[in-house]
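Per-entry structural report
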Amino acid sequence: MAEQVVMFAVPLLLFQDTKQVSTLGFAFALEWLPGLIAYPFAGLIADRDGGARLFSVVTGARALALAVVVVVLLTRPGWTTPALMTSGAVLSVLVAPTRMSVEKMVPQLAAGEAMARTQALVQNMELLAMALGPALATLAAALIGKVWLLAVAASVFGLAAACWLPLPRGERPTEPVTARATLRELGLGWKLMAGNRPVLLLGFLNFGINLVVASVLSANAALVTGVFAAPDWSFALLNTCVGVVGLVNLLVIPLVLKRFEVSLLGALGFAVLCAALLLIGIAGSFPVYAVLFIAVLTGTAYYNVFNRTQRVKVIPREHLGKVMGPFYLLNLLSYPIAGLLVGSVGATYGPQRLVGVLAVVLSVFGAVLLPLTMRSFRRTLTDRERLPVGVQS
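What you see is a predicted model; the values in this text were computed from it and never measured.

**With respect to the pattern of salt bridges**
- Taken as a whole and judged by the stated rule, the model has six salt bridges.
- Between Glu-3 and Arg-99 there is a salt bridge; the shortest N-O distance is 3.3 Å. With a gap of 96 residues between them, Glu-3 in helix H1 (residues 2–18) and Arg-99 in helix H4 (residues 80–109) connect regions that are remote in the sequence.
- With a relative accessible area of 26%, Glu-3 lands in the partly exposed category.
- Between Lys-104 and Asp-47 there is a salt bridge whose closest N-O contact spans 2.8 Å. Pair noted here: Lys-104 is in helix H4 and Asp-47 is in helix H2 (residues 21–49), with a separation of 57 residues, a long-range link.
- A relative accessible area of 15% places Asp-47 in the buried class.
- Taken together, the shared-partner salt bridges connect Asp-47, Lys-104, Glu-185 and Lys-322 into one network.

Here you go:
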C-alpha cells in the first residue's frame, strides 16, 4: 500500500511541477539504476540473514527516507523535482533487500503443492494493494494534499516493518564477513545463474516483458492526464480497478491451479499481456486505455505465478538469494532502459506509439523464447526427479 501511495503521488507531483513527459521518463530511469546495483548484494545479505530481520530493518529505513522528503517539500517547495528524484533513487536501493527478503521467506513458509498457491497469494496481494493504495491516496489528496500523502506512505512503511517482526529469524553466520568472501559468494551467484539454463532463459524473457510494462508504467501519468486528458482522480481510479481485479484473481487462481498446470497459467498470462499491449498502441480514449491497462497488469500477474513458482524449484535453497540477486538485476535492467526510452523516444514521437512498437517486438520475441523456457524447466525438473534421494541431498 505504501508503495502504491508513492507511485500515485510522485509521478503526479513531478508531471504537475514540470509538465514534461521527459521528466517522468528520466526520473523513472534514475529511480531504478541504483537499485540494480544493490540487488546482488541484497540477495547475498538475505541468504546470510534469512529474510525477516532484513525486511523489517530496510522497510523502517524507507519510512525514514520518506519522512525526510516530506520535511524538505514542506520547507523548500522549490526543491520539489530534485527532492523527489533523489528520494526515488534512495528508495530504489532499499527496494532490493525488500524483494530479496520476500524471495527468501516464501520457500521457508510453503513447500510442494503449496508453493504455487503461496506465490499466487503474494502476487495478488500486490494487486490488492493497488486497490487500497490509490483509494486511500485519492481521499487523502482531497483532504490534505499530495505532499502529505508521502507522510501517510512513511507511516504505512513503518507498519509493514512491524508486521514482519513475528516471523521466524534465521541464525546469523558466526564467521567474520570479509571482502574476499563477499566477492566469492557474489561470483558464485552469477556462476550458478549462468549455469542454470531455465533460470537464464526466464531472465531474458522477463527482461523483455519488463521493458514494455515498465514503459507503460513510466508514461502512465502522462498518458492518463496528458494524452487522454483525464483528471487526476481517473489516475487513482485506474489503479483501484487493477486492485479490484486482483481481488478476483485472488479467488480464481487457486481454483485454476487445481485443474491446470502452472505453465498453462503462465502462457495464458503472457498472451493476455501481449494482446493488451498491442491494443494500447492504438487506443483512442481513456476508457479503452483503462481496460487495456488493467488487462496488462492482470496478464502480468498470471504470468508471474509461473515465473515465481518455477524458478525457486530449480535453485538450491541455500543459494537462493545469491542467484536471485543477479536474476533481478538482469530482469530489472529493463526499467531504467524503459525510462530512458520514454524520456527520449517517447517524448519525441509519443509514449503511446513507443509502447505499440515495443509490444510488437515482445510478441515475436516471446513467441520463440517462452516455449523454449517452459521446455527447459520441464527437462530440468524431470531430471531432478530421476536422481536418487542421496544425490539430491
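**Focus on helix H11 (residues 286–313)**
- Helix length check: H11, at 28 residues, gives a terminal C-alpha distance of 41 Å against a target of 40 Å (1.5 Å per residue), a fit within 8%.
- If you look at H11, its biggest bend is around 25°, right at Tyr-303.
- Most of H11 sits inside the fold, with 23 of its 28 residues counted as buried.

**What about a positive patch on the surface?**
- Together, Arg-197, Arg-375, Arg-378 and Arg-379 make up a region of like positive charge exposed at the surface.
- Among the elements that make up the positive patch, the one with the highest residue count is helix H14 (residues 351–386) (three residues).
- Locating Arg-375 in the fold gives a position in helix H14.
- By relative accessible area, Arg-375 is classed as partly exposed at 36%.

About the criteria used
- In this convention, every chain numbers its residues from 1, walking through the sequence in written order.
- Only residues with pLDDT of 70 or above have their local features reported here, since the model is predicted, and side-chain atom pairs are shown and tallied only from 80 upward, although totals for entire chains, interfaces and linings are computed over all residues.
- Just so you know, side-chain values use all the structure's heavy atoms and leave hydrogens and water out.
- By definition here, a salt bridge exists when the distance from a side-chain nitrogen of Lys or Arg to a carboxyl oxygen of Asp or Glu is within 4 Å.
- Strands here are runs of E lasting at least two residues and helices are runs of H or I lasting at least four, both read from the DSSP assignment and numbered beginning at the N terminus.
- Type-normalised accessible area, obtained with a 1.4 Å probe on protein chains alone, sets the label of each residue: buried when under 20%, exposed when over 50%, and partly exposed for intermediate values.
- Expected span, for any helix, means 1.5 Å times one less than how many residues it has.
- Throughout, bend refers to the angle between the axes fitted to the seven residues that end at a position and the seven residues that start at it.
- Distance thresholds for patches are 9 Å for like charges and 5 Å for nonpolar side chains (Val, Leu, Ile, Met, Phe, Trp, Tyr), applied to residues having over 30% relative accessible area and no salt bridge.
- For the accessible areas, the method is Shrake-Rupley and the probe is 1.4 Å, while residue cover comes only from the protein chains on display.
- As used throughout, the charge tally considers Lys and Arg to be positive and Asp and Glu to be negative, leaving His and the chain termini uncounted.
- Just so you know, the charge point we use is NZ for Lys, CZ for Arg, CG for Asp and CD for Glu.

Everything listed here is a matter of geometry and, on its own, says nothing about what the molecule does.
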